[in-house]
Amino acid sequence: MNEVRQRFSMDKDWLFHLGEVDVPVKKSHNSIYGRAKAGGAIGPAGMEWNDSTWQTVQLPHDWSYQQPFDRENGVPNFGFKPRGMGWYRKKFRLAAEEQGKQLILEFDGIATEASIYLNGSLLERNFSAYTSFTIDISDRAYYGDRPNVLAIRVDATEAEGWWYEGAGIYRHVWLTTKLPLHIAERGVWVRPEKINQILWQTHIETVVGNELEHDVHYTLTTYIQNAKNEVVQKARTESICAAGSKNTVVQKLNVTNPALWDIDAPHLYQVHSVLTMEGQLYDTEMTSFGYRTIRICPDEGFFLNEQPLKLKGTCNHQDHAGVGVALPDGLQEYRIRRLKDMGSNAYRAAHHNPTPELLDICDRLGMLVMDENRNFESSREGLRQLENMVTRDRNHPCVVFYSLFNEEPHQGTPIGRRIVNRMMRTVKRLDPTRPVLGALNGGVMEDEGTADILEITGFNYMHTSYDKFKAKHPAQPIIGSETVSAFSTRGNYTNDSIKQVFDSYDQEKAPWGATVREAWQAVATRNFVMGTFVWTGFDYRGEPTPYEWPSINTHFGIMDTCGFPKDAYYLYQAYWLDEPVLHMLPHWNWQGREGQPIKVMTHTNCEEVSLYVNGQFISRECVDVYKQLEWEIPYEPGIVRMEGYNNGRLVKVTEVATTGETASLRLELQKPYLYGDGKDAIAVNLYAIDAQQRFVPTDSRFVTFTLSGSGKILGVGNGDPNCHEADAAQARSLFAGCCQLIVQSVPGSDPIVLVAEAAGLAPMTWVIPVKETAEPPYIPSVKETYVNDWHVTQEPYGERPDPLMVMDPTDMNTWEKVDVSYGTLKMLRGIRGYVVFRSQLFLSDQDRTSSASLRFNEIQGDVEIYADTELLLVASLVEPTSVVIPLREVDLKGKNVITLSVLVHMTEQMSKPGISSSVCLLT
Ligand code: GAL
């Protein structure tokens, strides 16, 4: 393969410092002068900062959930976890061959405000945790020996939301290298348009960028490929692009009878763009897309591929048990699959853009997405964030709506109307194909507000107003953008305000909310309501409602924070799946409550259900799906059996038995193996089971884990909204019989051996197979600290000068700033005389007291090397030589900042006089 374009992961081996770093203020002229220059950033933003004591972390990384819960200072909305400040640094080399290429750093997301420095220069500031952004680093990068220092200051003290947002570089980072003539970032936009029953026109806009010094005449060939990589259509366009500019090629490719993208069969195609000039390949890019139509109708709702489709959606934040918001892609997939298995067909990324990998997964699995904007503003920054969402996401067939806002105070006012107008115009300019909505929790009846100018009016709750609004605005499409907000605690069947838990009988709800049954009935019985987005698919950290401490997450989820289904999950299955569903609640382990009445309930779509207790027939009832059936049964251990009938025929049987004591744990893997690429991750679910392999729903014992082989435990969880055990840990108690480990592969293929130990149970061992898989290309980190900030005396001295001469802080001209990593300084060649090189060495306490050493990779001449006033080395280096000097504590005199002075005497014959390569600190 021709490597004209490469994409590397930048996730590996960052150094992390929690909190702000105190940088001593220097008031001298030279320090003020120096920091005002390109590359002059000081402290951890600068190149020379000693980060040897920082912690090594892998991305995605969220520091917030890893801290202890803090009742005193913590905010309930953020799950009582501290946020604050953090610094990240990654030092990496770029091969000399990369010079002249275009290098693009791509951040999927950083929470919350980020300042990004490369080699001491501030290159970008980003103000939202939810926007992805790119930085062209081609000009500022070092190539060859000298490492680059990427330093990121993350300020997560301010919040953008009212839920757990995490903190840090919690999504992936990438580096793409391309030739100077290339396809621009986000440069391919594919927009399929259905012309008639068989014919589709594929509009493809490709932006070509030319960073060469001259105009070019290039050829863009665009292929459309199906899932088998067969080319189904192609187009070739020649065009001219002026030096230093961009231009856009528009191609329209007709495709007949493509396999459609649908929720059940999400067929994807790819646009393969090939850019050549004079027969030579310059760039190539693959863009995934799908053929599908969407249409909204005020009376009939939503249509996918001209078929009416009720949207059975959930709203979701992005955190998961064990990992905070730093989800590996495998876990994103686990969550989407869980939702699909429930019968859900739509996902609302509440209340912000999701990570792009989530959209790839939704494309692949057939899950529709409401893509939401975070900040409701038509300011320049507000529109920038909005544009960013649209240009990033518009190729994804899964994305069917753009949501501009959620519950904004201006939703019913003229200000809101003006903002919406401008934002809608911005969206439409970039993507006219998807309807735009807002999610309102009021103001829908106002004439001067936003409700009637949006393409869809989103109702958050307020389901009793659907008809009133429809009567006033018959032509306005409606969607239940947020519904339900019911409370339940997994595996729990009694409300207890002391324990802060809810029952699971679908009767507890927020004052503004509705039960599952009420909310679904309101939507299902109205064709004009396009669908529902339930608050929420998964419990999430933060916003504990209605109880605060010790509750640290919500009770809203249909599933808990691990994705373990609560009973409501089966009620949705009953509503949303076509097959017969018959779920019974509660469990039947009520030892000690013999003879007392227990409420038994169905979650079913069967027409009739019969109930038996220990073989004894109780009754057969017709089911109203919006009510479900309930019985009060005096408890006796044994088996409760339900039989479900449709058209009088038995279609489903469910039995719930009183179980014995826990005998062991059952392991359930999200998929049978892990890829050993160091990135793949899976949810490993553990269930307490009795000697007859039956789930024991009441066990809460503590389990500890050890794991060996090509894997590691990223985190653990159990879904308990009141549990304060650590997530970044190797042990967890069961909650209502379950707990979860998030296991990630480390590069390799040794099977993972997981051992679990718990009081009263024999140790259990499982093997998780690992499939040997190459690591995706990545940029490794450089460990050493480099000393590259050198000055040299400008004019060679004929006589030996004082190597320790004072550098006058106001004199910016006697000493010249030089970069020694590019090879010997030309100004020193062919000269006889003396020069002094000067730099500073920043040492940690550890570097100072351990056996650190200094390595000059290449130095030539008669040299004297000083640490402050201590002479470290005198040598006559006739050839360019690599020199390693141990740093002894006694020479450093307890100091952490040392001035390095290097006196060099050179002669005309020397090939590389002076310091001609990087200098590094080895620890
Ligand atoms: C809504 C809001 C959500 C969440 C929910 C809880 O008003 O949009 O973000 O707070 O209430 O019921």
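Residues numbered from 1 in each chain as written. Predicted model: local features only at pLDDT ≥ 70, side-chain atom pairs only at ≥ 80, totals over all residues. Heavy atoms only, no water.

1. Observations regarding the environment of Trp535
Then comes step 1: Mapped onto the elements, Trp535 comes out in strand S28 (residues 529-535).
Then comes step 2: Sequence spacing of Trp535 and Glu661 is 126 residues, and the spatial spacing of their C-alpha atoms is 36 Å.
Then comes step 3: Among the polar contacts made by the side chain of Trp535, one reaches the side chain of Tyr540 at a distance of 2.9 Å. (Helix = DSSP H or I, 4+ residues; strand = E, 2+ residues; numbered from the N terminus. Polar contact = N/O pair within 3.5 Å; in protein donor to acceptor, adjacent residues only side chain to side chain.)

2. Some points on the UniProt feature "domain: Glycoside hydrolase family" (unreviewed entry) in the protein chain
Then comes step 1: Here the UniProt feature "domain: Glycoside hydrolase family" (unreviewed entry) sits at residues 665-764.
Then comes step 2: For the annotated span residues 665-764, helix accounts for 0% and strand for 49% of the residues, and the straight-line distance between the end C-alpha atoms is 8 Å. (UniProt positions renumbered as here; feature names shortened; annotations may be inferred.)

3. Description of the sheet that holds strand S30 (residues 597-604)
Then comes step 1: The strand order across the open sheet formed by three strands is S29-S30-S33, and the pairing between neighbours is antiparallel. For this open sheet the edge positions go to strand S29 (582-585) and strand S33 (630-634), each flanked by a neighbour on one side alone. Direction aside, the axes of adjacent strands within the sheet are offset by 25° on average.
Then comes step 2: Across five bridges, S30 lies against S33 in antiparallel orientation. Paired with Val600 across the two strands is Trp631, which belongs to S33.
Then comes step 3: With respect to the sheet, helix H8 (residues 567-576) is in contact with S29 and S30, its orientation differing from that of S30 by roughly 40°. (Pairing = 2+ DSSP bridges. Axes fitted to C-alpha atoms, helices over the stretch in contact; angles between N-to-C directions. Contact = heavy atoms within 4.5 Å.)

4. As for the nonpolar core
In summary, soluble globular proteins display a tendency toward joint burial of nonpolar side chains.
Then comes step 1: Formed by 94 residues in total, the largest nonpolar core has its most connected members in Phe302, Leu311, Leu368, Phe401, Leu404 and Tyr572.
Then comes step 2: Beyond its immediate sequence surroundings of up to four residues, Leu311 is in contact with Phe302, Asn345, Ala346, Leu368, Phe401, Ile479, Met530, Gly531 and Thr532.
Then comes step 3: Trp790, Leu828, Leu841 and Ile865 belong to the second largest nonpolar core, which has 33 residues in total. (Core = buried A, V, L, I, M, F, W, Y, C linked by side-chain atoms within 4.5 Å. Buried < 20%, exposed > 50% of the residue type's maximum accessible area, 1.4 Å probe, protein only.)

5. A closer look at the site of the ligand
Then comes step 1: The environment of the ligand is formed by Trp162, His351, Asn406, Glu407, Asn460, Tyr461, Glu482, Ser485, Trp512, Trp535, Glu543 and Phe556.
Then comes step 2: Separating an oxygen atom of the ligand from a side-chain N or O atom of His351 is a distance of 2.6 Å.
Then comes step 3: Against a free-state accessible area of 310 Å², the protein chains account for coverage of 91% of the ligand.
Then comes step 4: Grouping the amino acids of the shell around the ligand by side-chain chemistry returns five nonpolar, four polar and three charged. (Near = heavy atom within 4 Å. Areas by Shrake-Rupley, 256 points an atom, 1.4 Å probe, with all protein chains shown as cover. Nonpolar A, V, L, I, M, F, W, Y, C, P; charged D, E, K, R; others polar.)

6. Observations regarding the sheet that holds strand S3 (residues 55-57)
Then comes step 1: Within the open sheet, the six strands sit side by side as S3-S2-S4-S9-S6-S7. Their pairing is antiparallel. Every other strand in the sheet has two partners, leaving S3 and strand S7 (121-126) as the edge strands with one partner each. The mean angle between the axes of side-by-side strands here comes to 25°, regardless of whether they run parallel or antiparallel.
Then comes step 2: In the sheet, strand S6 (residues 113-118) pairs with S7 via five bridges, with the strands oriented antiparallel. Considered in S7, the bridge of Ile116 is made with Glu124.

7. Overview of the packing of aromatic side chains
Then comes step 1: Considering all chains together, one arrives at 37 aromatic pairs under this definition.
Then comes step 2: When the ring of Trp790 is compared with that of Phe837, the centres are 6.3 Å apart and the planes differ by 85°; the resulting orientation is edge-to-face. With Trp790 in strand S47 (residues 790-793) and Phe837 in strand S49 (residues 833-842), this residue pair connects regions lying 47 residues apart in the sequence.
Then comes step 3: Here the aromatic cluster, defined as three or more aromatic residues joined through ring pairs, consists of Phe487, Phe502, Trp535, Tyr540, Tyr547 and Phe556.
Then comes step 4: Its guanidinium or amino end placed over the ring of Phe303, Arg295 lies 4.2 Å from that ring's centre, counting from NZ or CZ. (Phe/Tyr/Trp six-rings, centres within 6.5 Å; stacked < 30°, edge-to-face > 60°. Lys NZ or Arg CZ within 6 Å of the ring centre and 35° of its normal.)

8. Some details on empty space enclosed by the protein
Then comes step 1: Overall, the coordinates contain seven cavities of 30 Å³ or more when judged by the stated rule.
Then comes step 2: A volume near 130 Å³ is recorded for the largest cavity.
Then comes step 3: Along its surface, the largest cavity is lined by 17 residues, and Ala486, Ser488, Asp506, Val516 and Ala568 are the ones closest to its centre.
Then comes step 4: Every element with two or more residues in the lining of the largest cavity is listed here: S28 and H8.
Then comes step 5: When the residues that make up the lining of the largest cavity are grouped by side-chain class, the tally is 10 nonpolar, five polar and two charged.
Then comes step 6: Estimates place the volume of the second largest cavity at around 110 Å³.
Then comes step 7: In this structure, the second largest cavity is lined by 15 residues; those nearest its centre are Arg541, Asn553, Thr561, Asp727 and Arg732.
Then comes step 8: Its residues placed into classes, the lining of the second largest cavity shows four nonpolar, six polar and five charged. (1 Å grid on protein atoms, 1.4 Å probe; cavity = no way out; pocket = protein on both sides within 12 Å on 5 of 7 lines; lining within 4 Å. Points joined across faces, edges and corners; volume = space filled by probe spheres on them.)

9. Topic: the pattern of salt bridges
Then comes step 1: Throughout the structure, instances matching the rule amount to 49 salt bridges.
Then comes step 2: Between Lys679 and Asp11 there is a salt bridge, with the nearest N and O atoms lying 3.0 Å from each other. Residue Lys679 is found in the loop between strand S37 (674-675) and strand S38 (681-689), and its partner Asp11 is found in the loop between strand S1 (6-9) and strand S2 (14-18); the two are separated by 668 residues along the sequence.
Then comes step 3: Residue classification places Lys679 among the partly exposed residues on the basis of a relative accessible area of 25%.
Then comes step 4: Among the residues examined, Asp11 registers a relative accessible area of 4% and is labelled buried.
Then comes step 5: In this structure, Glu889 engages Arg848 in a salt bridge whose closest nitrogen and oxygen atoms are separated by 3.1 Å. With Glu889 in helix H10 (residues 889-892) and Arg848 in helix H9 (residues 845-849), this residue pair connects regions lying 41 residues apart in the sequence.
Then comes step 6: What makes Glu889 partly exposed here is its relative accessible area of 33%.
Then comes step 7: Each member of the salt-bridge network shares a partner with another, and the members are Arg541, Glu725, Asp727 and Arg732. (Salt bridge = Lys/Arg side-chain N within 4 Å of Asp/Glu carboxyl O.)

10. Remarks on the side chain of Asp868
Then comes step 1: Tracing the backbone shows Asp868 in the loop between strand S50 (853-867) and strand S51 (870-886).
Then comes step 2: At 2.7 Å, the side chain of Asp868 and the side chain of Lys895 are in polar contact.
Then comes step 3: Excluding anything up to four places from it in sequence, Asp868 contacts Leu804, Lys895, Val897, Ile898 and Thr899.

11. A closer look at unusual backbone geometry
Then comes step 1: In the segment running from Ala350 into His351, the intervening peptide bond is cis, with an omega of -10°.
Then comes step 2: Here His351 shows up in the loop between strand S22 (346-349) and helix H3 (356-365).
Then comes step 3: The amide bond that connects Trp549 to the next residue, Pro550, takes the cis arrangement and shows omega of 10°.
Then comes step 4: By the element assignment, Pro550 lies in the loop between S28 and H8.
Then comes step 5: Not every positive phi belongs to a glycine, and Asn257 is a case in point at roughly 45°.

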